[in-house]
Amino acid sequence: MTSKTVFVTQEGPANALALNKDNTQVVIAGRNVFKIFALLEDKFEEVCNLRVGKNLNLNFSCNDVAWNLIDDHILATAATNGAVVVWNLNRPSRSKQEHVFIDHKRTVNKVSFHMTEPMWLISGSQDGTMKCFDLRIKEATKTFYSNTESVRDVQFSPHQQYTFAAVSENGHVQQWDLRKPDRCFQHFTAHSGPIFACDWHPEASWLATASRDKTIKVWDISAKPTCEYTIHTIASVGRIKWRPQRKYHIASCALVVDCSINVWDIRRPYIPFASFNEHKDVPTGVAWRGDPQYFLSTSRDCTLYHHVFKDATRPASKANPQGIALNCKGDVAYACKISVNAPTTVKQLTSIMRKSPASNDTFCMASSMMHRFTETAPREPKWFRECAEGYLLSGRLNDICDHNAAVAITAGRNDISTVWSITKTLYANPLGNMLKSSPNISKDDTVNTLNLAQIGIGSTVDQTNIGHENDVKSLQGEAPGVISGGDDETETDEMTENQNFIGPILPSHRRYLAGHKCQPKGDFFFGDGELEPITMDYTSGYIHNLMNHENDWTLPKEAFPLRHEIQDRSPPPEQFPNHSPDMNDNDSGSVTVEDQPCELIVTAVPKPSFWDPTQLIEEALRHHAAILDVQTSASILIALGERRKSLNIEAATQEHWLLEYIDMLGRFKLWEIATQIIQLAWMPSVSQLNQQSTTIHACCTTCTKPLQRSAWLCDRCHTSRHALCSICHQVVRGVYAWCQGCAHGGHVIHMNEWFESNRQCPTGCGHICEFT
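Here the structure is a predicted model, which means the values were calculated and not measured.

### Brief notes about the overall build of the chain
Now for step 1: On a plain count of helices and strands, the chain comes out with 15 helices and 39 strands.
Now for step 2: Relative to all contacts within the chain whose residues are 6 or more apart in sequence, the contacts with residues 24 or more apart total 52%.
Now for step 3: For the chain, the accessible surface area stands at approximately 39,900 Å², while carbon and sulfur atoms represent 50% of it.

Right, dumping it as structure tokens:
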């Protein structure tokens, strides 16, 4: 027996291989290759080429090959044309073909010899049937109907003489008794996709199955089938074989993507125990040589390899021993390498693990330690849940913003409430009427100018001081009575017009009429009947700062520039707003006003119709994503609807926000909200998340075929017995309520009426049904 890795190249890829009972010879079979090799000390030596003769028809095109475990000269192949071919190596002629069975109607996927009965051969076909052949009489003695699309693998049990297992493309596993071909004695669903291979454990009552769903499952079938272990791989699994003399080890190879042959320890399902990377294309077959240290493999790269276990790579030794994870309550788990300054016992353990030989069968333990950090007062961020459950994400944008702003306030997130309110304001309809009635604002302007004379100073004005107000207004160039609130019609019209300009930007505090002397805070001056206009630049970062929560609502002192230095600083009056005789008139006739705690109240800030808030919204969304508030970014993005198309945000970034928000919702177990996000998503990669592996087909109770077109009529046997109501005995064509314990059910209304006064199943089967 060779003790090193060797290989041989063929003229075509092999689909399968098999060893003789002494493990000294191997046969490989494919569409264009069918040979036997002897295993020498350091090479393969070709013994026989079975693909010879005058008529090289499809009987030589093989999907699988099996070597009789007792009669060393008998082989069997599964042909792509539906034939099962038996080969006799003792035939004196050049052609070794013994007999051809043509009982199957479609391609044969698998053939398998019985372990103790050399004349029993079983096959599984694409036509959904299994056939047992007796080589002595050269005919199929029994046919087993799986009632599935196709049978991908069949294997005799090494523990029970008359039992074999079959796996199908619908994800089901069946156990059959050779003496009872009418129906299987055990049937269960093992995978969510087609099962491509199965293998019995040589010692335990385990059956391993491999599927397109990228998993290998180990089932304990000693009683009711239970899944004992699940191995997660990176690709669909095409072949599996238990490692001899190692109870927990199994080898596998993929159908696509992965060119490695992996040996797994089923107790460590997320990383292979050992890997063999010699093949350059996908492997197609694996066979152990009866020794746990040696096995053979074939591949689509047209090679046949002999592998030695000591040459394997250990993926676990290259795994990163450091990692970090956080939960929704703020706890942090951190794994790190063991430090050089670690305690002595840890150093000793690390030294032992590092000195362990690579060829042993123990885990490759990483030198790392786990640390967990928890908050002294652990708390769950309730605002996230409250906002997620309360947010409205579809409908009119104004309604969405108003509703979500209120939800954010309730959740204690005043800053987010402000963001929703500003979003509403930015996307509100332009004030066309204001533009029509205000010739001072043109579309060529890039700023919005508010004249202080139009806004007015001082709302808390006493009627006894109208005269003083009029004095000030006359200095400002206004007609008396504009601010003080008289009955003048001109006043009313002007106030109505000015209301178009005014909105709540600053908080409402007391304001003082120009000219009254109060506690000195600062000085400003009105002269020559003019006031300096206040200019607001919408292209500046003013509103941007509001969106990013830098809320400084106080106008700067420079908004009221000083004209002249105040000469007379009179003491404050004893009672405000009585007129002070100390108000000074300077030589130019202007009025000096002492520095007051004066604040400007703006009740509405108009925005020009030509102004586009897109850039501001983009920056706000990116800002919230950067500070890890992806909930706000994703929610506003969804609420904008078609308006989001104008945003210059990459599709990959939008997808990342949505997927991250969905992941966070999953951590909080907010499945319904996550489903809502998926349904409102506009990207196929997100909107199709709830369309993966969600279709469940019920099966007909008569023929067990999946019900495809309708749930009450079987397409195969054309019966509706499975859809009869247990109470009225009529076919249920709508919603069918049934018990998973006894499988009986019926109309929902009838089930409701029955279980109002009963607990047992209405069919009298005696089962205590749970109906809610």
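Additional details are given in the paragraphs that follow.
### Brief notes about the sheet that holds strand S2 (residues 16-19)
Now for step 1: Overall, antiparallel pairing links the 4 strands, which are arranged S2-S3-S4-S5 in an open sheet. Taken across any chain shown, the strands that pair with only one partner, and hence form the sheet edges, are S2 and strand S5 (44-49). Between one strand axis and the next, the sheet turns by 25 degrees as a mean value, whatever way the strands run.
Now for step 2: Looking at chain direction, S2 and strand S3 (residues 25-29) are connected through 4 bridges and run antiparallel. Paired with Ala-18 across the bridge in S3 is Val-27.

### Here's the deal with the nonpolar core
Now for step 1: With 45 residues, the main nonpolar core has Tyr-391, Trp-420, Leu-621, Leu-647, Leu-665 and Ile-677 as its most contacted residues.
Now for step 2: For this core, the secondary structure elements donating two or more residues are helix H2 (382-390), helix H3 (397-410), helix H4 (414-426), helix H10 (614-626), helix H11 (630-639), helix H12 (651-667) and helix H13 (671-680).
Now for step 3: With near-sequence residues (within four places) excluded, Ile-677 lies in contact with Leu-393, Ile-638, Leu-658, Tyr-661, Ile-662 and Leu-665.
Now for step 4: Within the second largest apolar cluster, 17 residues are counted, among which are Leu-50, Phe-60, Cys-62 and Ala-83.

### Describing a nonpolar patch on the surface
Now for step 1: Taken together, the side chains of Ile-324, Leu-326, Tyr-334 and Phe-373 make up a nonpolar region of the molecular surface, amounting to roughly 420 Å² of accessible area.
Now for step 2: One can find Leu-326 in strand S29 (residues 323-326).

### As for the packing of H4 against H10
Now for step 1: In contact at an axis separation of 11 Å, H4 and H10 are set at 160 degrees when each is read in the N-to-C sense. Considered as vectors, H4 and H10 are oriented roughly antiparallel to each other. Between H4 and H10 lies a crossing whose hand is left-handed. Contacts between H4 and H10 pair Ile-416, Val-419, Thr-423 and Leu-426 from the former with Leu-616, Ile-617 and His-624 from the latter.
Now for step 2: By residue class, the composition of the contact of H4 with H10 is 5 nonpolar, 2 polar and no charged.

### Notes on the pairing of strand S17 (residues 186-189)
Now for step 1: Every second residue of S17 is oriented toward a common face, the buried set being Gln-186 and Phe-188 and the non-buried set His-187 and Thr-189.
Now for step 2: Bridging between strand S16 (residues 172-177) and S17 involves 4 bridges; their strand directions are antiparallel. Looking at the pairing, Gln-175 lines up with Gln-186 of S17.

### Quick word on the sheet that holds strand S11 (residues 120-125)
Now for step 1: Taken in spatial order, the 4 strands make up an open sheet running S10-S11-S12-S13, and their pairing is antiparallel. Lying at the two open borders of the sheet, with one neighbouring strand each, are strand S10 (108-113) and strand S13 (139-145). Sheet twist, expressed as the mean angle between neighbouring strand axes with direction ignored, is 20 degrees.
Now for step 2: Across 6 bridges, strand S12 (residues 129-134) lies against S13 in antiparallel orientation.

### Observations regarding the pattern of salt bridges
Pairing of side chains with opposite charge becomes possible as their charged atoms draw close.
Now for step 1: Taken as a whole and judged by the stated rule, the model has 18 salt bridges.
Now for step 2: Note that Glu-11 and Lys-35 form a salt bridge whose closest N and O atoms lie 3.1 Å from each other. Here Lys-35 lies in strand S4 (residues 34-39) and Glu-11 lies in the loop between strand S1 (6-9) and S2, a separation of 24 residues in the sequence.
Now for step 3: In this structure Glu-11 comes out as exposed when scored by relative accessible area, which is 54%.
Now for step 4: Look at Lys-35 and you get buried, because its relative accessible area is 8%.
Now for step 5: One salt bridge in this structure joins Lys-645 and Glu-642, with 2.6 Å as the shortest N-O distance. When sorted by exposure, Lys-645 lands in the same class as Glu-642, which is exposed.

### Focus: the pairing of strand S23 (residues 249-254)
Now for step 1: Where burial is concerned, most of S23 is hidden: 6 out of the 6 residues are buried.
Now for step 2: Residue alternation in S23 divides its side chains into two sets, His-249, Ala-251 and Cys-253 and Ile-250, Ser-252 and Ala-254, and both sets are buried.
Now for step 3: Taking the residues that link successive antiparallel strands as the turn, the strand S22 (residues 237-242)-S23 hairpin has 6 residues, and the phi of Gln-245 there is positive, at about 65 degrees.
Now for step 4: In this structure, S23 lies alongside strand S24 (residues 261-265), joined through 5 bridges in antiparallel fashion.

### Here's the deal with the packing of aromatic side chains
Now for step 1: Overall, the coordinates contain 21 aromatic pairs when judged by the stated rule.
Now for step 2: Ring pairs connect the aromatic residues Phe-273, Phe-276, Trp-288, Phe-295 and Phe-309, which therefore count as one cluster.
Now for step 3: A cation over a ring is seen here: Arg-179 above Tyr-162, with NZ or CZ 4.2 Å from the ring centre.

### Examining the side chain of Ser-168
Now for step 1: Along the polypeptide, Ser-168 turns up in strand S15 (residues 163-168).
Now for step 2: Within the structure, Ser-168 has its side chain in polar contact with the side chain of Thr-148 (distance 3.3 Å).
Now for step 3: Dropping the residues within four chain positions of it, Ser-168 is found in contact with Thr-148, Ser-150, Val-151, Arg-152, Pro-194 and Ile-195.

### Some remarks on the side chain of Ser-726
Now for step 1: Note on placement: Ser-726 falls in the loop between helix H14 (684-687) and strand S38 (736-738).
Now for step 2: Here the side chain of Ser-726 touches Gly-745 through a polar contact of 2.7 Å, landing on its backbone oxygen.
Now for step 3: Excluding its chain neighbours within four sequence positions, the residues that come into contact with Ser-726 are His-744, Gly-745, Gly-746, Pro-762 and Thr-763.

### Structural notes on H12
Now for step 1: End to end, H12 covers 24 Å across 17 residues, agreeing with the expected 24 Å (1.5 Å per residue, within 8%).
Now for step 2: Looking at H12, one finds that the buried residues are Gln-654, Trp-657, Leu-658, Tyr-661, Ile-662, Leu-665 and Gly-666.
Now for step 3: Turning to H12, the residues buried within the fold contact H2, H10, H11, H13 and H14.
Now for step 4: Of the residues flanking the end of H12, it is Lys-669, one or two places downstream, whose phi is positive at about 60 degrees.

### Comments concerning the environment of His-279
Now for step 1: Mapped onto the secondary structure, His-279 falls in the loop between strand S25 (274-276) and strand S26 (283-288).
Now for step 2: In this structure His-279 comes out as buried when scored by relative accessible area, which is 4%.
Now for step 3: Through-space distance from the C-alpha of His-279 to that of Phe-7 is 10.0 Å; in sequence the pair is 272 residues apart.
Now for step 4: Setting aside its immediate chain neighbours within four residues, His-279 contacts Cys-259, Ile-261, Ser-297, Thr-298, Ser-299, Asp-301, Thr-303, Tyr-305 and His-307.
Now for step 5: Polar contacts involving the side chain of His-279 include one to the side chain of Ser-297, which spans 2.6 Å.
Now for step 6: Within the structure, the side chain of His-279 is placed 3.4 Å from the side chain of Asp-301, a separation counted as a polar contact.

### Observations concerning the confidence of the model for the chain
Now for step 1: With 70% of its residues at a pLDDT of at least 70, the chain reaches an overall mean of 77.
Now for step 2: Between residues 430-546, whose pLDDT stays under 50, and residues either more than four places distant or in other chains, the model counts 222 contacts.
Now for step 3: With pLDDT under 50 throughout, residues 573-594 is counted as low confidence; its partners more than four residues away or in other chains account for 54 contacts.

### Details of the environment of His-767
Now for step 1: Following the sequence through the fold, His-767 ends up in the segment after helix H15 (748-755).
Now for step 2: Take His-767: its relative accessible area is 28%, and that puts it in the partly exposed class.
Now for step 3: Between the alpha carbons of His-767 and Ala-743 there is a distance of 10.0 Å; along the sequence they are 24 residues apart.
Now for step 4: What His-767 contacts, discounting residues up to four positions off in sequence, is Cys-739, Gly-741, Cys-742, Arg-759, Gln-760 and Cys-761.

### A look at unusual backbone geometry
Now for step 1: Located in the positive-phi region is Lys-138, a residue other than glycine, with phi close to 55 degrees.
Now for step 2: Topologically, Lys-138 is positioned in the loop between S12 and S13.
Now for step 3: The backbone phi angle of Lys-669 is positive, close to 60 degrees, even though this residue is not glycine.
Now for step 4: The topology assignment puts Lys-669 in the loop between H12 and H13.
Now for step 5: Using a relative accessible area of 63% as the deciding quantity, one classes Lys-669 as exposed.

Calculation notes
- Residues numbered from 1 in each chain as written.
- Predicted model: local features only at pLDDT ≥ 70, side-chain atom pairs only at ≥ 80, totals over all residues.
- Heavy atoms only, no water.
- Helix = DSSP H or I, 4+ residues; strand = E, 2+ residues; numbered from the N terminus.
- Contact = heavy atoms within 4.5 Å.
- Areas by Shrake-Rupley, 256 points an atom, 1.4 Å probe, with all protein chains shown as cover.
- Pairing = 2+ DSSP bridges.
- Axes fitted to C-alpha atoms, helices over the stretch in contact; angles between N-to-C directions.
- Core = buried A, V, L, I, M, F, W, Y, C linked by side-chain atoms within 4.5 Å.
- Buried < 20%, exposed > 50% of the residue type's maximum accessible area, 1.4 Å probe, protein only.
- Patch = residues over 30% accessible without salt bridge, like charges linked within 9 Å, V, L, I, M, F, W, Y side chains within 5 Å.
- Salt bridge = Lys/Arg side-chain N within 4 Å of Asp/Glu carboxyl O.
- Parallel < 35°, antiparallel > 145°, perpendicular 65-115°, else oblique.
- Left-handed = near helix turned anticlockwise from the far one by under 90°.
- Nonpolar A, V, L, I, M, F, W, Y, C, P; charged D, E, K, R; others polar.
- Phe/Tyr/Trp six-rings, centres within 6.5 Å; stacked < 30°, edge-to-face > 60°.
- Lys NZ or Arg CZ within 6 Å of the ring centre and 35° of its normal.
- Polar contact = N/O pair within 3.5 Å; in protein donor to acceptor, adjacent residues only side chain to side chain.
- Expected span 1.5 Å × (residues − 1).
- pLDDT = per-residue confidence, 0-100.

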